[in-house]
Amino acid sequence: MSEENWDMYDYILESKDAVRSIVKHKDQILEKAVEYFFSKKINRMYIVGSGTSYHAGLAAQSVIEKILDIPIVVQYPMEFKDQEFLPDSDTLVVGISHAGRSTSTISALDKAREKGYATIAATAEKNKPILEHADCSVEIAIGPEYAGPKTKGYIGTVATLVLFALEIALKMNKITDAEYEKYVDEVLETTDQIPAIAEASVKWYEDNKQELIKSRRIIIVGYEQCKSALLEGTLKVLEAVRYSVTGYEMEEFMHGVYHSIDEDTYMLYIGCEGQYYDRMINMKNYFEKERGNKNFVITSDEGQVTNKNNLVYDFKNNHYFASLEYVVPFQVLARKLSLDLGIDCNVSSDPHFHKKMGSYTY
Ligand SMILES: O=P(O)(O)OC[C@H]1O[C@](O)(CO)[C@@H](O)[C@@H]1O
């Protein structure tokens, strides 16, 4: 796909091969960063990034914490930079910026250096300003992604972070070869599904298009391992359709947001397998009955298949990697709905915004 004829939907499909390629070339991609890690004493890790980059950090957080057995804090860059207390040493800060220009992430890395922390910049671009602000770098090796709303970049970043942790843990004997392989297989088993999920999502979208096109207010709820998918899905749909789309962790949603649900609200529920699924369905039933709004559940529960509003797919529901599959229907929705609304979400609403605001460093 050249710079002229790319499409965001194709990038969604390419995520599968991008992850496979990252796995294949992991030694080369991670060599410098792993070597750098072992040249330092690291007892905790911060992952900082804005937007999609932040969400990728969140998606990888629990599994990295489990693999490395050290605290992993995922923060917005400005939160990291401006916090009152930062521990003294033995800390690694990984700053993620796909475009390699976000002033927020660059500022956080500068603060990390000031504190004497180890710093790694992760970016999908070459020769970008962020590389000057960290001691080491790692490439998010996904190939070209010209679209503003990143999809392949999100998936590829999570895979890169997980592999980085796995390499380190293996070298430290925190995991066995078999455990290493098992984690890699689980990532691949999940991301190999992406093209099929995208196809099922297109069908779901087409079946519900006449309804969805009327939406002007969408709320997405999710929980547990899909918190990252819910935040990333919200950002994706919001930046593509350019009207009110918000996302909440389900329990937080129940503390106030529910007051605002009226018949014009479109609720999308991420019903991944887990301890809160029944509670979510219970809430959906409540809204259907009490508020008469539109409700759409994304789940692997066959019991939901009779309602055409729902997207029922045989999701893998991996405890650590479910975010990587449940985000896909939202990526597809973002592209398809914005097209039908006459918005080209590949074109920024203001190509000079970051320059005007100073939110990119040039
Ligand atoms: O990962 P980057 O390039 O730092 O960008 C951060 C975020 O900023 C945006 O470009 C929005 O301006 C998002 O699309 C992206 O997720």
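It should be emphasised that the depicted structure is a prediction, and the values quoted were computed from it without experimental measurement. (Residues numbered from 1 in each chain as written. Predicted model: local features only at pLDDT ≥ 70, side-chain atom pairs only at ≥ 80, totals over all residues. Heavy atoms only, no water.)

### Examining the packing of helix H9 (residues 227-241) against helix H13 (residues 328-340)
(1) Moving on: Remark: H9 packs on H13, axes separated minimally by 8 Å, with the N-to-C direction vectors making an angle of 10 degrees. With respect to H13, the element H9 is oriented roughly parallel. Each of Gly233, Lys236, Val237, Ala240 and Val241 in H9 lies in contact with H13, whose residues at this interface are Phe330, Gln331, Leu333, Ala334, Leu337 and Ser338. (Axes fitted to C-alpha atoms, helices over the stretch in contact; angles between N-to-C directions. Helix = DSSP H or I, 4+ residues; strand = E, 2+ residues; numbered from the N terminus. Parallel < 35°, antiparallel > 145°, perpendicular 65-115°, else oblique. Contact = heavy atoms within 4.5 Å.)

### A look at the environment of Asp185
(1) Moving on: Looking at where Asp185 falls in the secondary structure, it is placed in helix H7 (residues 177-191).
(2) Moving on: Given the relative accessible area of 46%, Asp185 is considered partly exposed.
(3) Moving on: Expressed as a C-alpha distance, the spacing of Asp185 and His25, which sit 160 residues apart in the sequence, is 15 Å. (Buried < 20%, exposed > 50% of the residue type's maximum accessible area, 1.4 Å probe, protein only.)

### Some remarks on helix H3 (residues 52-68)
(1) Moving on: Relative to the 24 Å expected for 17 residues at 1.5 Å per residue, H3 spans 23 Å between its end C-alpha atoms, a close match to the ideal helical length.
(2) Moving on: Along its length, H3 shows its largest kink, about 45 degrees, at Gln61.
(3) Moving on: In terms of burial, H3 is a largely internal element, 13 of the 17 residues being buried.
(4) Moving on: Asp69, located one to two residues past H3, shows a positive phi value of around 60 degrees. (Expected span 1.5 Å × (residues − 1). Bend = angle between axes of the 7 residues up to and from the residue.)

### Observations concerning the domain arrangement of the protein
(1) Moving on: Assigned domains within the protein: domain 1 (3-191) and domain 2 (194-340).
(2) Moving on: Residue-level contacts link 28 residues of domain 1 with 26 residues of domain 2.
(3) Moving on: Contact between domain 1 and domain 2 buries roughly 2500 Å² in total, counting both sides, with carbon and sulfur atoms accounting for 70%.
(4) Moving on: On the surface where domain 1 and domain 2 come into contact, there are 1 salt bridge. (Domains from an automatic or database assignment. Buried area = accessible area lost by both parts, 1.4 Å probe. Salt bridge = Lys/Arg side-chain N within 4 Å of Asp/Glu carboxyl O.)

### Quick word on the sheet that holds strand S10 (residues 311-312)
(1) Moving on: The parallel open sheet is built from 5 strands, whose spatial order is S7-S6-S8-S9-S10. Two strands close off the open sheet at either side, each with one partner strand: strand S7 (244-249) and S10.
(2) Moving on: Pairing between strand S6 (residues 217-222) and S7: 6 bridges, direction parallel. When the sheet's bridge partners are listed, Gly222 is paired in S7 with Glu249.
(3) Moving on: Seen against the sheet, H9 touches S6, S7 and strand S8 (266-271) and runs at an angle of roughly 175 degrees to S7.
(4) Moving on: Of the strands in this sheet, S6, S8, strand S9 (294-299) and S10 touch H13, which is tilted by about 150 degrees from S8. (Pairing = 2+ DSSP bridges.)

### Concerning the sheet that holds strand S2 (residues 72-75)
(1) Moving on: The 5 strands lie next to each other as S2-S1-S3-S4-S5, forming an open sheet whose pairing is parallel. The strands lining the two open edges of the sheet, one partner per strand, are S2 and strand S5 (136-139). Strand-to-strand twist in this sheet, taken as the mean axis angle between neighbours without regard to direction, amounts to 20 degrees.
(2) Moving on: Where strand S4 (residues 118-123) meets S5, 4 bridges bridge the pair, whose relative direction is parallel. Pairing of Ala122 across the sheet is with Val138, part of S5.

### Structural notes on the nonpolar core
(1) Moving on: By size, the foremost hydrophobic cluster in this structure holds 114 residues, and its most contacted members are Leu92 and Phe164.
(2) Moving on: Among the elements that make up this core, the one with the highest residue count is helix H6 (residues 152-171) (12 residues).
(3) Moving on: Not counting the four nearest positions on each side in its chain, Phe164 is found in contact with Leu30, Ala33, Val34, Phe37, Met45, Leu92 and Ile120.
(4) Moving on: Counting residues in each nonpolar core, the second largest holds 13 residues, with Phe80, Leu109, Tyr117 and Ala121 among its members. (Core = buried A, V, L, I, M, F, W, Y, C linked by side-chain atoms within 4.5 Å.)

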